[in-house]
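# Results of the structural survey
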Amino acid sequence: GIGDMLYDSQIFDKSGNNKQDIDEAKSYLEKLDAFDYKFKVGDYFFNKWHFRSLITHYVTLANKGQMKISFKDLLTLLAGKKLESYADKITEYFTMMTGQDFLPNSPTMMNAGGRLGQLSACFVLGMEDGMEEIMKSTSDAALIFKSGGGVGINYSNLREEGDIVASTSGVASGPVSFMNIINTVTEVVKQGGKRRGANMGIIEAWHPDVEKFITNKTEAGVLENFNVSVGIWEDFWHALVNTTDGNYVLRSPRDRKPVKEINAHQLIDLIALSAWKSAEPGLIFFDQINKYNVFAKARQAPLRATNPCGEQSLYPYESCNLGSINLVNLAKRQADGSYEFDWQGYEEIIRKTTRFLDNIIDVNNYPVPEISTASKESRRIGLGVMGVADLLYRLKIPYNSQEGYELQSKLSEALTYYSMEESVALARSRGEFPLCAKTEYPEGKIPISGYYEKSKESHSYEWEPLIEEIKKHGIRNVLTTTVAPTGTLSMIADCSNGMEPAFALVFEKRVTVGRFFYTNKILEEALKEEGLYTDEILEKIADNYGSLKGLDEIPQWMQDVFVTAMDIHWADHLMAQGVWQDWIGNAIAKTINMPYDVTVEDVKSAYLLAHEIGLKGMTVYRDGSRHKQVLHMTSEN
Ligand code: UDP
């Protein structure tokens, strides 16, 4: 609401503020700490923390010379009719969040209005080949962790282990050992004091240390604060699938001269074996990420890194704030007791939340100035979804069926279509993102693969008129959509996470006072309706790895609809990731679950299929393969 107020009050300006305005606002902050109070705006109470957040944002913006009125005038403006007219918007955002219909990423929830005021979840930092540069990135990373974000870093520019260091006539320690520095910093600086650090460490397949990088994490206790991924480009894929000998040259990061020749098949085997053993490394398909990257022209470079969970590819110093719509809340009960998806409600919430996330870019307090600059140049936002599996359970549509995929595809297309349309509307009222004119948008290109690669007949929305609008007015956000893991958000909203099927429908918890079952709430309703809800059946499901498959008491329709991650074949997991990826501007956080008894060849086949269907990255998880498995179906296994 505060972001909207600032924008719509037309108080943004590039002419700058005088120091007096800023000091005045700051003095309010000091006075505020002395007492507690509330004041009423319409039906909504503004409390000390809301007010504090307003002042903090005013000071942040004023410091950058983006406010054209004094703080006193802002207060007068807000105290008068203006504030009244924002009561509705404030209430609207407030109800959306408390109603669990939409939640911004957890740093926004934890930090908004507080002293930190850092609201983004995702960051990417550069890592250049020099001691000063390495230490600068390390100190930037520390500030990001402190404020609650996670960092992705591509280490491929660092010279390989054993290479020469001219200034000291010594030898380089190589990227793998440098990753330990940030790993340790993460350990020490707990994120925003509230959550564990998450990092993504990337090495591209051509780097001479790639084999060491791949096998490095198979041991327990190594780089525990990092997810690691191998970055793939066209040349590697070409050697792998189009040549008979599979010869592939590893090159020096310093001068790109050949260092040694390896076999692409052996390298992918090594990756598959390691992922089979320990769920890492993941693969990042930079060729797919950059295929429709309309922003590359403005940055004069391709994207070469992602955030820790892989759903956002970002340029160095870019950040992204995410938010997720809870889809299960959009299933509306009909008179006959069945449920239907509310497409109108979906469009409305997509528009509102696109605006919400765009506001966050300006009211955000960035950890370092470079991040503020880069984030505002692209104004990237990541609107996504959660509760997909719960929605499908509620609509009685199997996740891994033709109907399930068609519905997910349309949900994904609608998300990007309406958010881009809203972003164009915002460009008209607030201006396009600063680098928009330098991208391929004015040429009529869009960063959405589905538009180019899916047949026209299968599109659910009219993309051409939207592209014309973008050519005319620009767009406010370089990309608008992503599907995040929603680890914390889905717990708060009590729904299935992201677009993942439920891991287990029922699991048992044993605590000192006894044992109880956690049951998926949609399943609970269905069991009650079928007259099947008893402690015995819950126990049976929990003992059946949280799945309904093969339980005689459970009707077939329920076994087909209520599928878990382990019930679904890995190829179907990939299909689901694919239907979402077709229409999502950024990427999808998804785990390709595999049973314990799959082979390394299966993992390799999954890589080939993933690339074939145009995924931007992939992570496999073979049941039982992690040193520490986070979620167990029952307390015994
Ligand atoms: N993330 C992080 N630490 C964590 C979890 C997440 O830094 O412990 C970052 C990471 O960049 C991830 C992003 O937040 O990709 C979004 O994760 P998620 O959707 O789980 O966040 P939530 O908002 O639900 O906490």
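In this text, all values refer to a predicted model and were calculated from it rather than measured experimentally.

Before going further, it helps to examine the overall build of the protein chain. The helix and strand inventory of the protein chain stands at 25 helices and 21 strands. The burial tally for the protein chain puts 57% of its 637 residues in the buried class. Residue pairs at least 24 apart in sequence account for 76% of intrachain contacts in the protein chain once pairs closer than 6 positions are excluded. Total accessible area on the protein chain stands at roughly 26,200 Å², and carbon and sulfur atoms take up 52% of it.

Attention now goes to the packing of aromatic side chains. Across all of its chains, the model carries 22 aromatic pairs by this definition. Ring centres of Y93 and F356 lie 5.1 Å apart, and the angle between their planes is 90 degrees; this geometry places the pair in the edge-to-face category. On the criterion of sequence distance, the pair formed by Y93 in helix α5 (residues 81–98) and F356 in helix α14 (residues 343–363) is long-range, its members being 263 residues apart. There is no split in this pair, since Y93 and F356 are both buried. Here the aromatic rings of Y417 and Y461 are separated by 5.0 Å at their centres, their planes lie at 20 degrees, and the arrangement is stacked. Of the two residues, Y417 sits in helix α17 (residues 402–430) while Y461 sits in the loop between α18 (449–453) and α19 (463–473), which places them 44 residues apart along the sequence. Of the two residues, Y417 and Y461, neither departs from the other in class, the shared state being buried. Through a chain of ring-to-ring contacts, three or more aromatic side chains come together here, namely Y417, Y418, Y461, W463 and W583. Above the ring of W206, the side-chain terminus of R256 is found at 4.0 Å from the ring centroid. If you follow K410 out to its NZ or CZ, it ends over the ring of W343, 4.2 Å from the centre.

Here the focus is the pattern of salt bridges. Enumeration according to the criterion identifies 35 salt bridges in this entry. Bridged by salt links that share partners, the residues D358, D362, R379, R430 and R476 form one connected network.

On to the side chain of E311, then. Looking at where E311 falls in the secondary structure, it is placed in the loop between α13 (296–299) and β13 (319–326). Taking the relative accessible area as the measure of exposure, E311 reaches 3% and is therefore buried. What E311 contacts, discounting residues up to four positions off in sequence, is C122, L322, T482, V483, A484, P485, N586, A587, I588 and A589.

Let us now look at the pairing of strand β9 (residues 226–232). Here β9 lies mainly inside the structure; six of its seven residues are buried. Here strand β8 (residues 199–204) runs beside β9; their pairing, made up of six bridges, is parallel. The residue of β9 that forms the bridge with N199 is F226. Relative to strand β12 (residues 282–285), β9 is paired through four bridges, and the arrangement is parallel. By the bridge assignment for β12, S229 is matched with G282.

A grouping of V511, V513 and F516 is seen on the molecular surface, where their side chains present a nonpolar patch of about 300 Å² in accessible area. Relative to the elements of secondary structure, F516 occurs in strand β18 (residues 514–519). Among the residues examined, F516 registers a relative accessible area of 40% and is labelled partly exposed.

Cut-offs and rules
Along each chain, residues carry numbers from 1 onward, in the same order as the chain's sequence is written. Where local features are concerned, this predicted model is filtered to residues with pLDDT of at least 70; where side-chain atom pairs are given and counted, the filter is 80 or more; whole-chain, interface and lining totals use all residues. The basis for every side-chain value is the complete set of non-hydrogen atoms in the structure, without hydrogens or water. Helix and strand labels come from DSSP, where a helix needs a run of H or I of at least four residues and a strand needs a run of E of at least two; each type is numbered from the N terminus. Using a 1.4 Å probe on the protein chains alone, a residue whose accessible area is under 20% of its type maximum counts as buried, one over 50% counts as exposed, and one in between counts as partly exposed. The criterion used for residue contact is that any of the two residues' heavy atoms lie within 4.5 Å. For accessible areas, the Shrake-Rupley method is used with a probe of radius 1.4 Å. Any residue's cover is judged against the shown protein chains and nothing else. Ring pairs shown here join Phe, Tyr and Trp side chains whose ring centres sit within 6.5 Å, with only the six-membered ring taken for Trp; geometry is labelled stacked below 30 degrees between planes, edge-to-face above 60, and tilted in between. A ring is considered to have a charge above it if a Lys NZ or an Arg CZ atom is located within 6 Å of its centre and within 35 degrees of its normal. Salt bridges are identified by distance alone: a Lys or Arg side-chain nitrogen within 4 Å of an Asp or Glu carboxyl oxygen. DSSP calls a pair of strands paired once it identifies at least 2 bridges connecting them. Nonpolar side chains (Val, Leu, Ile, Met, Phe, Trp, Tyr) within 5 Å and like charges within 9 Å form the patches, drawn only from residues with over 30% relative accessible area and no salt bridge.

Interpretation in functional terms is not warranted from these geometric data alone.
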